[in-house]
There are 2 protein chains.
Amino acid sequence: MYKKKIPIRKECGLHVFKELLNGKWKLMLIYYISVGLKRPGALQKKIAVDRRVMNKQLDELVQHGFVEKVSFDTKVPKVEYQLTALGNSLLPLIISIEEWGENNRAVLETVLSEAIT
Amino acid sequence: MYKKKIPIRKECGLHVFKELLNGKWKLMLIYYISVGLKRPGALQKKIAVDRRVMNKQLDELVQHGFVEKVSFDTKVPKVEYQLTALGNSLLPLIISIEEWGENNRAVLETVLSEAIT
DNA sequence: GCAAGTACGCACAAATTTGTGCCTATTTGC
DNA sequence: GCAAATAGGCACAAATTTGTGCGTACTTGC
């Protein structure tokens, strides 16, 4: 993993959150795992991103204690992910964010289109 | 501003939120403005980051409609920021995130220290 | 006059995150 | 045998974000 050169800010909850959950797909992954998409294959179909990118995000979520990875040693290898208590504690937040986004979708999409950024 | 090469995902509220508020200092800026730190100087003392970095984040917040910038054309130039309705609509979310971070600070700090990331 | 405070800005460097090229191995189903 | 699905990996390229070097201009207070 990438070794940070700039010290991590921990002084407020916002930073702590951001530091751990900044990944482009992390919140989505947690959400989809929570609704029952436990298999890598299923998750990948949902979020439509390269397998290795998704894996990296999942690995970090595991390392950071939001998700557990269960490997079944069957003939055809099989993996399942499930949320830890910490991961579950994020769900209300994720849902709030998602709702905020949907409630303001009209305005926000306009902004996104206009912005040069 | 930076012209994106990878298309922006808008399909879910999480992405929309992330796209606009991903900046390292954005949520903090919105929060501090909401509690009355309207002047750039005051904000800068709080978040302790280079002026130009902060300005860039503020400019984007203005462009995206979360914050309004008011310039007073006095002899000594003066600037004040204030939240728009859209910016205000984020406050509950920001507070929830902040609380989540603080509530789980013990665990999360451990994770942050251990993680090589 | 001059330090300190206000504010603004370009261009570039550095850090960080995200994505891709190319490889390995096993089993199931045709 | 061979395609497709399972899962894993290294090394690097590309994209994106964050931070810095250096410069401008004005006003107030000593």
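Please refer to the structure higher up on the page.
The structure reproduced in this document is the subject of the present report. (Residues numbered from 1 in each chain as written. Chains lettered and ligands numbered in written order. Predicted model: local features only at pLDDT ≥ 70, side-chain atom pairs only at ≥ 80, totals over all residues. Heavy atoms only, no water.)

**Observations regarding the protein's contact with DNA strand C**
Not every one of the 25 residues close to DNA strand C is listed here, only the nearest: Lys5, Lys24, Arg52 and Lys56 of chain A together with Arg51 of chain B. When the atoms of DNA strand C within 4 Å of the protein are grouped by moiety, sugar and phosphate amount to 61% of the total. Between DNA strand C and Lys4 of chain A, the relevant distance is 3.1 Å, taken from a phosphate oxygen to a side-chain nitrogen or oxygen of the residue. For the surface near DNA strand C, the elements supplying multiple residues, two or more each, are helix H4 (51–63) of chain A together with helix H4 (51–63) of chain B. (Near = heavy atom within 4 Å. Polar contact = N/O pair within 3.5 Å; in protein donor to acceptor, adjacent residues only side chain to side chain. Helix = DSSP H or I, 4+ residues; strand = E, 2+ residues; numbered from the N terminus.)

**Points about the pairing of strand E2 (residues 78–83) of chain A**
Residue and element names in this part refer to chain A. Alternating residues of E2 divide into Val79, Tyr81 and Leu83, all buried, and Lys78, Glu80 and Gln82, none buried. When strand E1 (residues 67–72) meets E2, the two strands line up antiparallel, connected through six bridges. Looking at E2, one finds that Lys69 is bridged to Tyr81. A loop of five residues connects E1 with E2, the two strands running antiparallel in sequence. (Buried < 20%, exposed > 50% of the residue type's maximum accessible area, 1.4 Å probe, protein only. Pairing = 2+ DSSP bridges.)

**Overview of the relation of the copies chain B and chain A**
If you rotate chain B by 180° and push it 0.0 Å along the axis, it lands on chain A with an RMSD of 0.0 Å. Those values place the two copies in the arrangement expected of a two-fold rotation axis. By residue overlap, the copies meet face to face through one surface: 100% of the interface positions of chain B are interface positions in chain A. (Least-squares fit on C-alpha atoms with pLDDT ≥ 70 in both. Contact = heavy atoms within 4.5 Å.)

**Thoughts on the protein's contact with DNA strand D**
Taken together, 26 residues lie around DNA strand D, and Lys69 of chain A together with Lys5, Lys24, Arg52 and Lys56 of chain B are the ones closest in. Here DNA strand D approaches the protein such that, of its atoms within 4 Å, sugar and phosphate make up 65%. Within the backbone of Val79 of chain A, one N or O atom sits 3.4 Å away from a phosphate oxygen of DNA strand D. Here a phosphate oxygen of DNA strand D sits 3.1 Å away from a polar atom, N or O, in the side chain of Trp25 of chain B. Grouping the constituent residues of the surface near DNA strand D by class yields 11 nonpolar, three polar and 12 charged. (Nonpolar A, V, L, I, M, F, W, Y, C, P; charged D, E, K, R; others polar.)

**Some points on helix H6 (residues 91–103) of chain B**
The end-to-end C-alpha distance of H6 of chain B, which contains 13 residues, comes to 18 Å, matching closely the 18 Å that a straight helix rising 1.5 Å per residue would cover. Residues of H6 of chain B that are buried: Leu91, Leu93, Ile94, Ile97, Trp100 and Gly101 of chain B. (Expected span 1.5 Å × (residues − 1).)

**A word on the interface of chain B and chain A**
Accessible area lost upon the coming together of the parts serves often as the stated size of an interface. Listed per partner, the contact involves 51 residues of chain B and 51 residues of chain A. Both faces considered, chain B and chain A share a buried interface measuring about 4,700 Å² in area, 70% of it formed by carbon and sulfur atoms. Linking chain B to chain A there are zero salt bridges. At the level of elements, helix H1 (13–21), helix H2 (26–34), helix H5 (85–89), H6 and helix H7 (105–114) of chain B are the ones that each hand at least two residues to the side of chain B that touches chain A. Per-element accounting of the side of chain B that touches chain A gives the leading share, nine residues, to H1 of chain B. In terms of residue class, the side of chain B that touches chain A is made up of 27 nonpolar, 12 polar and 12 charged. (Buried area = accessible area lost by both parts, 1.4 Å probe. Salt bridge = Lys/Arg side-chain N within 4 Å of Asp/Glu carboxyl O.)

**Things to note about the packing of aromatic side chains**
Summed over all chains, the structure comprises six aromatic pairs over all chains. Measuring from centroid to centroid gives 6.3 Å for Phe66 of chain A and Trp100 of chain B, while their planes differ by 25°, and the two rings are stacked. Placement of Phe66 of chain A in the loop between H4 and E1 and of Trp100 of chain B in helix H6 is noted, with the two residues assigned to different chains. Here Trp100 of chain B falls in the buried class, since its relative accessible area comes to 5%. Summarising the aromatic geometry, the rings of Tyr31 of chain B and Tyr32 of chain B are spaced 5.5 Å apart at their centres and angled 65° between planes, so their arrangement reads as edge-to-face. Among the residues examined, Tyr32 of chain B registers a relative accessible area of 17% and is labelled buried. An aromatic cluster is built from Phe17 and Phe66 of chain A together with Trp100 of chain B, whose rings are joined through pairwise contacts. The ring of Phe72 of chain A has Lys78 of chain A sitting right over it, with the charged end atom 4.8 Å from the ring centre. (Phe/Tyr/Trp six-rings, centres within 6.5 Å; stacked < 30°, edge-to-face > 60°. Lys NZ or Arg CZ within 6 Å of the ring centre and 35° of its normal.)

**Regarding the environment of Val79 of chain B**
All names here are of chain B. As for its placement among the helices and strands, Val79 is situated in strand E2 (residues 78–83). For the pair Val79 and Lys69, spaced 10 residues apart in the sequence, the C-alpha separation amounts to 7.0 Å. For Val79, the residues in contact, after removing those within four places along its chain, are Lys38, Arg39, Pro40, Lys69, Val70 and Ser71.

Coordinates in, geometry out; function isn't part of it.
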